[in-house]
Amino acid sequence: CALCIIGTEEAYASIPRDELLRWMLRLKTKDNSFQMHENGEVDIRAIYTCMAVACILDILTPELTNGVADYLVQCQTFEGGIGCEPYDEAHGGYTFCGLAAMTILKE
């Protein structure tokens, strides 16, 4: 975040984008959700974080994004909010993360 605030080419160049993308792909699960950390819990906040960082760093690849919007749709509940995972109760914070991720994905 601090490197983005600096905003110089040198600051952006110091970010190891390839390594970061490989790490994010390791966090992606077979159902197209993301873990909070390696071998960690699945959480919609992880999806938002990965999509936001990938967008900022211009590493939003098809491999990273394929199926993510479909997973997010599964997290929407009957009342219109979004839960942490499919079939979870909706929550304002999770709804923000889901909608923000969908916006980044242009879905």
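Not measured: the values here are computed from a predicted model.

Draft legend 1. Quick peek at the overall build of the protein chain. Scanning the protein chain from N- to C-terminus turns up 7 helices and 0 strands. Helices and strands in the protein chain line up, N terminus first, as α-α-α-α-α-α-α. At 14 Å, the protein chain has a C-alpha radius of gyration in line with the 13 Å of a compact globule built from 107 residues. With respect to the three principal axes, the spread of C-alpha positions in the protein chain is 45 × 25 × 20 Å. Here the protein chain holds 107 residues, and 40% of them are scored as buried. Pairs at least 24 apart in sequence give 50% of the contacts found in the protein chain among residues at least 6 apart. Counting only carbon and sulfur atoms, one obtains 55% of the accessible surface of the protein chain, whose full area is about 6600 Å².

Draft legend 2. Summary view of the environment of Asn32. Note that Asn32 resides in the loop between α3 (17–27) and α4 (44–56). As for Asn32 and Tyr71, which are separated by 39 residues in sequence, their C-alpha atoms are 6.2 Å apart. Dropping the residues within four chain positions of it, Asn32 is found in contact with Asn66, Gly67, Val68 and Tyr71.

Draft legend 3. A look at the environment of Met24. Within the secondary structure layout, Met24 lies in helix α3. Residue class for Met24 comes out buried when judged on its relative accessible area of 2%. Spatially, the C-alpha atoms of Met24 and Met36 are 10.0 Å apart, while their sequence positions differ by 12 residues. Excluding residues that lie within four positions of it along the chain, Met24 makes contacts with Phe34, Cys50, Val53, Ala54, Ile59 and Leu64.

Draft legend 4. Region of the structure containing unusual backbone geometry. One non-glycine residue, Asn39, lies in the positive phi region at around 65°. Along the chain, Asn39 falls in the loop between α3 and α4. The class for Asn39 is exposed, based on a relative accessible area of 76%.

Draft legend 5. How the structure looks around the nonpolar core. Judged by nonpolar contacts, the single largest core of 26 residues is most densely connected at Phe34, Ile44, Ile47, Met51, Leu64 and Leu72. Elements with a contribution of two residues or more to this core: α3, α4, α6 (68–74) and α7 (92–104). Setting aside residues up to four positions removed in sequence, Ile47 forms contacts with Ser33, Phe34, Val68, Tyr71, Leu72 and Ala101.

Draft legend 6. Fine view of the environment of Ala69. Tracing the chain through its elements places Ala69 in helix α6. For Ala69, a relative accessible area of 10% corresponds to the buried category. Considering only alpha carbons, one finds Ala69 and Ser33, 36 residues apart in sequence, at a separation of 9.4 Å. If we ignore the near neighbours within four places in the chain, the residues touching Ala69 are Met102, Leu105 and Glu107.

About the thresholds
- Residues numbered from 1 in each chain as written.
- Predicted model: local features only at pLDDT ≥ 70, side-chain atom pairs only at ≥ 80, totals over all residues.
- Heavy atoms only, no water.
- Helix = DSSP H or I, 4+ residues; strand = E, 2+ residues; numbered from the N terminus.
- Rg over C-alpha atoms; globule rule 2.2 N^0.38 Å.
- Buried < 20%, exposed > 50% of the residue type's maximum accessible area, 1.4 Å probe, protein only.
- Contact = heavy atoms within 4.5 Å.
- Areas by Shrake-Rupley, 256 points an atom, 1.4 Å probe, with all protein chains shown as cover.
- Core = buried A, V, L, I, M, F, W, Y, C linked by side-chain atoms within 4.5 Å.

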